[in-house]
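Residue-level listing of the chains:
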Amino acid sequence: MRSTNLVVLACMTNKEVAVMLREVAAAFVIKNENRFRIIAYERAADSIEHQTQSVEELWKEGKIKEIPGIGPNIAQHLGELFTKGKVAHFENEKKGLPKAMFSLLNLPGFGAKKAFKLTRELNIKDSDDPFKKLKEAAQANKIASIEGFGEKSEQDILTSLESFQKKEAKLSRMLLPIAYDIATRVINYLKKSNSVIEIYPLGSLRRMVATVGDIDIAISSNQAEKVIEYFLKFPEVGKIIDKGKETTSVVLKNGVQVDIMVQPEIAFGALLQHFTGSKHHNIALREYALKKDLSLSEHGIKDLKRAKEQKSKEFSNEEVFYNFLGLDWIPPELREDTGEIEAAQKHNLPNLVELSDIKGDLHLHSNYDLKPSHDLGHNSFLEILNKATELKYEYIAFSEHNPKQSGHNISDIIDIIKRRKQTIDKINYSLKSDRVHFFNMMETDILPNGYLALPKQTFEYIDATIISIHSSFDQSSSDMTKRILKALSYSKVKIFGHPTGRLIERREGVNANWFEIFNFCKAKNIALEINANPNRLDLPDMLVREAVKNGNKFVIDTDAHQINEMNLMRFGVSVARRGWLEKNDILNTLPYSEFKKWLLNL
DNA sequence: GCCGTTTTCGGCCCGACTGTTTTCAGTCG
């Protein structure tokens, strides 16, 4: 089928839209606009940046106002942006302000006012390289003499330029499992100290976000200095950056920064809550508390009706902190201001799935060589089975990539799949009956035209197939949707593998009409995969949430190409938890007999 | 400019830190 689109305009990324809104907010700051209008634009930018779906796609589907912080005005402006490529109102607001000012906003420590003042005082023109000009001015000591600046701020600007350039060069955030492993080593070490009562990671790591910036750790202890002394003896510590009575920062030998905060037991709850975030959750929680005349901070809760009262009420753990506000304790993975506060108030929070609920892994690549279209695995069927036993699974599936099409004709491919079945069957007969059960599956490519890369005649030699996209990621949303729906309509298709095809920080997911796809999967009893590979974590959490509201079912798989990667299941589970999934939403929590009924359509 | 368990009008999160200042402005998480 030929595309009817003669010109396919590239979609604007969410990041680009967010930058545009932040620039308007910065323009408002300079023009002394109403500060709540400024906040509104910044919130809208934040919110757009946190969407996993393309905002432009949401707009096309008429759903842009469903994004929190987007009201009638901004929605209208963005509509203009997506149709005309620019927004007259935005251009108007920025008119008369130097373009260079907006570039400088990217520097750490720079807000609208500092950026504007420096571009003006240093006479940096729009055509200049503003970073270079700024550096030259700082080096020539031209900044210290400007009113409101001094020697120190001049030095800080140089440092900030340096770190900005370094950051540009490398990945600024770690993939979740890397941060998780490092934090686990630190925590296990600290737990050996008698002075430590409780210990938790903080921030995006505790919330199990796909990428993590710094590793921050909170400790409850009544002997802060002892804990810090003990921590500094951790064998992996490379350099001590900062050391205080209750906090310390170090750089480990692997270059990762770790910050520690120690608080006495009695005040630990509020600290943990505050630094776990997210920012959006905390803002929403404080707004909620204000209506009860309560003011929240990392120190505790203040009653505003008793203004004389200086000290905050303290909380030893998070549960009493949330309960004091009339809320159930909210699991960290849900703290993103997407309805969790309301649910906690109504005692309506989901009973989230746990790693221990998982009874099998359906997406495993063995080293059985069927000349695949993509990577072969490293381990044999038996090695994978042994690993599955170690993980106490009831069942698994072998799901190699389909044989590549070039160099093979249809009968070659049928032959390969047939022989693979014979090999798998042989193992089945040779093993004792009280071991891990296994299925004979494939991971089949969805070709650009929506056909599968596996001929239908092979279907009698497999139990079921995962289908996934491994090429032509940049089709238009309508073409991509048609492609996926066509592929999903084959018999034997039971799992839609890593649906968006995203690679974290490397490749955006494909554009498609997810609601149409989710509906189709639901009707055909096809599971959406949550792929636990750290580079994928796909379906992304926000789409998981949409799909579960729609009534879809899921499987969580590791997509392991070697047996060690089968340990990554917990990160798939964390995506499921961030998507509000309960055990019942996930098919590979079912016992073998029931799972088999679903997979084989019995 | 957004938004709704006091509200469709009248509110809008909190504190720390830093550097420049004599009481604060800007930025950050």
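This is a predicted model, so every value here is computed, not measured.

**Notes on the overall build of chain A**
- From N to C terminus, chain A includes 23 helices and 16 strands.
- Since a compact globule built from 602 residues should have a radius of gyration of about 25 Å, the 27 Å found for chain A is in line with a globular shape.
- Across its three principal axes, chain A shows a C-alpha extent of roughly 80 × 65 × 50 Å.
- When the 602 residues of chain A are sorted by exposure, 52% land in the buried category.

**With respect to the layout of surface pockets**
- Within this model, the second largest pocket holds a volume of roughly 640 Å³.
- As for the second largest pocket, its lining consists of 23 residues, and the residues nearest its centre are Tyr180, Arg206, Met208, Glu333 and Arg570.
- Looking at the lining of the second largest pocket, the elements with two or more residues in it are helix H10 (176-191), strand E2 (198-201), helix H11 (203-206) and helix H22 (569-578).
- When residues in the lining of the second largest pocket are grouped by element, the largest group, six residues, is from H10.
- For the lining of the second largest pocket, the per-class residue count stands at 14 nonpolar, three polar and six charged.

**What to know about the sheet that holds strand E13 (residues 464-468)**
- In space, the seven strands of this open sheet follow the order E10-E11-E12-E13-E14-E15-E16, with parallel pairing throughout. The open sheet has two edge strands, strand E10 (360-364) and strand E16 (554-557), and neither has a second partner. Looking at each pair of strands side by side, their axes are set apart by 30° on average, direction ignored.
- In the sheet, strand E12 (residues 437-445) pairs with E13 via five bridges, with the strands oriented parallel. Residue pairing across strands places Thr444 opposite Ile467, the latter belonging to E13.
- Lying over the sheet, helix H19 (residues 477-488) contacts E13 and strand E14 (493-496), oriented at roughly 140° with respect to E14.

**A few points about the pattern of salt bridges**
- Summed over the entire model, instances satisfying the criterion amount to 27 salt bridges.
- Here Glu49 makes a salt bridge to Lys15, at a shortest N to O gap of 3.0 Å. Taken together, the residues span a long stretch of sequence, with Glu49 in helix H2 (residues 35-49) and Lys15 in helix H1 (residues 14-30) at a distance of 34 residues.
- The class of Glu49 is partly exposed, set by a relative accessible area of 28%.

**Focus: the domain arrangement of chain A**
- You can read the domains of chain A as domain 1 (2-94), domain 2 (99-165), domain 3 (174-263), domain 4 (279-345) and domain 5 (355-599).
- Of note, the centres of domain 2 and domain 3, computed from C-alpha atoms alone, are 34 Å apart.

What counts and what doesn't
Residues numbered from 1 in each chain as written. Chains lettered and ligands numbered in written order. Predicted model: local features only at pLDDT ≥ 70, side-chain atom pairs only at ≥ 80, totals over all residues. Heavy atoms only, no water. Helix = DSSP H or I, 4+ residues; strand = E, 2+ residues; numbered from the N terminus. Rg over C-alpha atoms; globule rule 2.2 N^0.38 Å. Buried < 20%, exposed > 50% of the residue type's maximum accessible area, 1.4 Å probe, protein only. 1 Å grid on protein atoms, 1.4 Å probe; cavity = no way out; pocket = protein on both sides within 12 Å on 5 of 7 lines; lining within 4 Å. Points joined across faces, edges and corners; volume = space filled by probe spheres on them. Nonpolar A, V, L, I, M, F, W, Y, C, P; charged D, E, K, R; others polar. Pairing = 2+ DSSP bridges. Axes fitted to C-alpha atoms, helices over the stretch in contact; angles between N-to-C directions. Contact = heavy atoms within 4.5 Å. Salt bridge = Lys/Arg side-chain N within 4 Å of Asp/Glu carboxyl O. Domains from an automatic or database assignment.

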